[in-house]
Amino acid sequence: KRMKKRFYIMALALAMVVSIAGCGKKKDDKETADSTAAIRDDIVEFVDVEFNDIRSDWDEAIADYNTFFEGDMKDSKQFASDLQTTTIPKIDKFITNLDAISVESSEAEYLKSLYKIGAEKQRDAMNMVALAIEEESQEYLEQADALIAEANGYLETYDSELTKLASEYNFTVN
């Protein structure tokens, strides 16, 4: 009889341990799902909403820069002046607005930082191009090319990281 009592007590204790462990698993699964949803929502809000709201300054600045190299070459002194008075201030405004975007997850913060560094390097390259024109310096143009390559590297990394995160967190970006 005493042995049966011990057996029942042990069986009851084991059942309690198993049921408690099961509850913990459900709680962990729910926390993981909630965390995943929060990260996904943060990235989507950043990329599809907040980033898109400020992107026009960036797009206009890049278009302004690229027009110099399309078709007939324009006056380089005027181009340098346009860079300083119009194009670079648009990028500065974009960077300021990008800084002002608040994100919650480290994943969205990483994306934001990649784009910001790329934009800063692009701005630095444009400053270097303007200086190269002013100083008639091939060396400065080469430095500008290197900065543009670095900027493009950061922007490409942004794109690839966003693609990875979209796959990992199961979302699409517009």
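Whatever comes next refers back to the structure up there.
These numbers were taken from a predicted model, which means no experiment stands behind them.

**Focus: the pattern of salt bridges**
Summed over the entire model, instances satisfying the criterion amount to eleven salt bridges. In this structure, aspartate 59 engages arginine 55 in a salt bridge whose closest nitrogen and oxygen atoms are separated by 3.2 Å. Remark: arginine 55 and aspartate 59 occur in helix H1 (residues 2–67); sequence separation between them is four residues, near one turn of the helix. In this structure arginine 55 comes out as partly exposed when scored by relative accessible area, which is 28%. With a shortest N-O distance of 2.9 Å, lysine 116 and aspartate 99 are connected by a salt bridge. A residue pair is termed long-range when its members are at least 10 positions apart, and lysine 116 in helix H3 (residues 106–135) and aspartate 99 in helix H2 (residues 76–100) qualify at 17 residues.

**Side note on the packing of aromatic side chains**
Within the structure shown, the criterion is met by ten aromatic pairs. Joined through ring pairs, the aromatic side chains of Phe46, Phe51, Trp58, Phe94, Tyr115 and Tyr158 make up one cluster.

**Let's talk about the packing of H3 against helix H4 (residues 138–168)**
Where H3 contacts H4, the axes come no closer than 8 Å and their chain directions differ by 165°. Of the possible angle classes, the one that applies to H3 and H4 is roughly antiparallel. Viewed along their axes, H3 and H4 form a crossing whose handedness is left-handed.

Cut-offs and rules
Residues numbered from 1 in each chain as written. Predicted model: local features only at pLDDT ≥ 70, side-chain atom pairs only at ≥ 80, totals over all residues. Heavy atoms only, no water. Salt bridge = Lys/Arg side-chain N within 4 Å of Asp/Glu carboxyl O. Helix = DSSP H or I, 4+ residues; strand = E, 2+ residues; numbered from the N terminus. Buried < 20%, exposed > 50% of the residue type's maximum accessible area, 1.4 Å probe, protein only. Phe/Tyr/Trp six-rings, centres within 6.5 Å; stacked < 30°, edge-to-face > 60°. Axes fitted to C-alpha atoms, helices over the stretch in contact; angles between N-to-C directions. Parallel < 35°, antiparallel > 145°, perpendicular 65-115°, else oblique. Left-handed = near helix turned anticlockwise from the far one by under 90°.

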